[in-house]
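Structural overview for review
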Amino acid sequence: MNVVVGITGGIAAYKAVNVVRGLVLAGHDVHVVATDAALRFVGRPTLEAISRNPVHSELYEGVAEVRHVAIGQAAELIVVAPATANTIAKLAHGLADDLLGNTVLASSAPLVLAPAMHTEMWQNPATVANVAALRSRGVHIVGPETGQLTGTDAGPGRMAEPGEIIAEALRAVRPRDLEARRVLVTAGGTREPLDPVRFIGNRSSGKQGVAVARAAAARGADVTLIVANLDDGVMDGLGSAVKVLHVSTTRELQEATLLAAGTAELIVMAAAVADYRPETVASDKIKKETQGDTLELRLVKNPDILHELTDARHDDQVIVGFAAETEPDRDALLTLGAAKAARKGVDYLVVNRVGWTETFGSDENSVMVLDARGHIVAEADGSKASVAERILDVVR
Ligand code: CTP
């Protein structure tokens, strides 16, 4: 999605960098339109590096391409964070004396504002009236929160956290086709300890599962996300709309998942689960001196959580499994997937190819979605965010 992030001149502009980052990580094409005042708070190179696009601030640059309207016309969503009292006043009155004002006026995209200012300014009748006018026109206002402000004062006026702003912004544009649907997603990879410092694990980053949770929340679902050992930063910008539970081992995941599954209407089991665990866990670090040249590990089978879920499934519950396979041949991959869908008793199975260099940790994925009979019902290729949307389109 083409997203314009407008940044105006308040100290909270430094937090806007994380709004830009979160939107980019979620797979969006982000274009920053900064006021001159904003660029006194955050440097252009920072915003360009994070947004991966040029930053626009000048009304009289790019005149030949009619930039003052082109950016707004192309935008599918505009987020202004922080929105100062001055910018809110200008937008409420349709002023267009800078590039951001022109961009907003030339756009019919949803507009989300994250106000940030001192409490007196926020409570001033002028600002109150301006915010009310914007709201009455369908503008989404996120925050402000009550808390410590820039000086020694505290009160309402603090910009909402980046995750909240992103979640609200995505809610503003998505179809609300999962409104109030109870969705349970697992993500990441379980780890089985050998001793206090070592474990057997897998390379799942958790990005695809988190993307499914993020997308479901943006479409209105009531999402519980159970995460096991995610890579750093994967949940950045998730917002409080998703309830997150942390686990590490397969049996912890089993307990949390079975408990949460009772009320779930859609379950997406994206976690990579360790099928075996060490039969015994050493209470102290295993030492070479006592082991010698070889170390034998005896592993015992872990529960198959997905199987337990489908065995206990209640009416109207949709259960989606994932299968990461190293099989390179598409037909053979499909055969494996069809057999797994049947064996696990799932309604849908998302099949993707993995390898030493593919998929794990990447922001991209390529999947086939099979139904219970093993027939392909969708294929998706692109950012994990877009793959998540496609999966939800099919399984919801
Ligand atoms: N899964 C699970 N519990 C396990 C193993 C896997 O719930 N002990 C789930 C995964 O979350 C995934 C699906 O089952 O949604 C398929 O996982 P995969 O590892 O591909 O399946 P396995 O049962 O391990 O099958 P195989 O050994 O043939 O790869």
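Look above for the structure.
Residues numbered from 1 in each chain as written. Predicted model: local features only at pLDDT ≥ 70, side-chain atom pairs only at ≥ 80, totals over all residues. Heavy atoms only, no water.

1. What about unusual backbone geometry?
Quick reminder of the rule: Starting at the N terminus, helices and strands are each numbered in turn, a helix being any DSSP run of H or I of at least four residues and a strand any DSSP run of E of at least two.
A cis amide bond links alanine 81 to the next residue, proline 82, at an omega of -5°. Considering the arrangement of structural elements, one finds proline 82 in strand β3 (residues 77-83). The omega angle of the peptide bond from glycine 143 to proline 144 is 0°, so this bond is cis rather than trans. By the secondary structure assignment, proline 144 is in the loop between β5 (140-141) and β6 (145-148). With phi around 65°, arginine 52 is a residue other than glycine that occupies positive phi space. With respect to the helices and strands, arginine 52 occurs in the loop between α3 (44-51) and α4 (67-74). We note that asparagine 229 has phi near 50°; this positive angle belongs to a residue other than glycine. Mapped onto the secondary structure, asparagine 229 falls in the loop between β11 (222-228) and β12 (242-247).

2. Examining the sheet that holds β12
Threshold: Only when DSSP finds a minimum of two bridges between them are two strands counted as paired. Here, axes are lines fitted to C-alpha atoms. For helices the fit covers the stretch in contact, and angles between N-to-C directions go from 0 to 180 degrees. We call two residues in contact when some of their heavy atoms are within 4.5 Å.
The eight strands lie next to each other as β12-β11-β8-β13-β16-β17-β18-β19, forming an open sheet whose pairing is mixed. Both edges of this open sheet fall to β12 and β19 (376-383), since each of them pairs with a single strand only. For this sheet the average axis-to-axis angle between neighbouring strands, irrespective of direction, equals 15°. For strand β8 (residues 182-188) and strand β13 (residues 266-269), the ladder comprises four bridges, and the chain directions are parallel. Within β13, the position partnered with valine 185 by the bridge is valine 268. Running over the sheet, helix α10 (residues 207-218) touches β8, β11, β12, β13, β16 (318-325) and β18 (364-371) and is turned about 155° from β8.

3. Some words on the nonpolar core
Generally speaking, nonpolar side chains in soluble globular proteins are found buried as a group. What counts, and what does not: For our purposes a nonpolar core is just a set of buried Ala, Val, Leu, Ile, Met, Phe, Trp, Tyr and Cys residues, chained together by side-chain atoms within 4.5 Å. Working definition: with a 1.4 Å probe on protein chains only, accessible area under 20% of the residue-type maximum means buried, over 50% means exposed, and in between means partly exposed.
In terms of nonpolar packing, the biggest core is built from 37 residues, with Val223 and Leu225 touching the most fellow members. In terms of residue count, the dominant contributor to this core is α10 (seven residues). For valine 223, the contacting residues outside a window of four places in its chain are Val183, Val185, Ala213, Ala216, Ala217, Ala241, Val242 and Lys243. Counting 33 residues, the second largest nonpolar core, distinct from the first, contains Val24, Leu47, Val142 and Ile165.

4. Here's the deal with the sheet that holds strand β2 (residues 29-34)
Strand order in the open sheet formed by five strands is β2-β1-β3-β4-β5, and the pairing between neighbours is parallel. Only two strands of the sheet have a single neighbouring strand rather than two, namely β2 and β5. The pairing of strand β1 (residues 2-7) with β2 spans six bridges and is parallel. Note on β2: the bridge partner recorded for asparagine 2 is aspartate 29.

5. So, the layout of surface pockets
Heads up, the rule is: Every definition here rests on a 1 Å grid over the protein atoms only: cavities are sets of points where a 1.4 Å probe fits but cannot get out, pockets are open sets enclosed by protein on both sides within 12 Å along at least five of seven lines, and lining residues have some atom within 4 Å of a point. Grid points are joined across faces, edges and corners, and a volume is the space filled by probe spheres set on the points. Charged residues are taken to be Asp, Glu, Lys and Arg, nonpolar residues to be Ala, Val, Leu, Ile, Met, Phe, Trp, Tyr, Cys and Pro, and polar residues to be all remaining types, Gly included.
Size it by volume and the largest pocket reaches roughly 1100 Å³. Asn202, Ala271, Ala272, Val273 and Ala324 are the residues nearest the centre of the largest pocket, which is lined by 43 residues in total. Taken together, the elements giving at least two residues each to the lining of the largest pocket come down to α10, α13 (305-311), β16, α14 (330-344) and β17 (348-353). By residue number, the principal contributor to the lining of the largest pocket is β16, which donates four residues. As a volume, the second largest pocket reaches approximately 430 Å³. Contributing to the lining of the second largest pocket are 21 residues, with Ile11, Ala12, Ala116, Met117 and Thr150 lying nearest its centre. At the level of elements, α1 (13-25), α5 (85-92) and β7 (154-158) are the ones that each hand at least two residues to the lining of the second largest pocket. Looking at the lining of the second largest pocket residue by residue, the classes come out as eleven nonpolar, eight polar and two charged.

6. With respect to the pattern of salt bridges
Where we set the bar: Salt bridge, as used here, is a side-chain nitrogen of Lys or Arg placed within 4 Å of a carboxyl oxygen of Asp or Glu.
A complete count under the given rule lists 20 salt bridges for this structure. Put simply, arginine 176 and glutamate 179 hold a salt bridge, and the shortest N to O gap is 2.9 Å. A residue is classified by how much of its surface remains accessible, and arginine 176, at 36% relative accessible area, is partly exposed. The partly exposed category is assigned to glutamate 179, whose relative accessible area is 46%.

7. As for α5
Along α5, six of the eight residues are buried, which leaves the element largely enclosed by surrounding structure. If you follow the buried residues of α5, they end up packed against β3, α6 (99-105), β4 (111-115), α7 (119-123) and α8 (125-136). Glycine 94 sits one or two residues past α5 and shows a positive phi near 70°.

8. Some remarks on the pairing of β18
Among the eight residues of β18, six are classified as buried, and the element is accordingly described as predominantly covered. As paired strands, β17 and β18 are joined by five bridges and run antiparallel to one another. Paired with asparagine 352 across the strands is valine 367, a residue of β18. The pairing of β18 with β19 spans seven bridges and is antiparallel. The residue bridging glutamate 364 from the neighbouring strand is serine 383, located in β19. Taking the residues between adjacent antiparallel strands as the criterion, β18 and β19 are bridged by four residues, where glycine 374 takes a positive phi near 90°.

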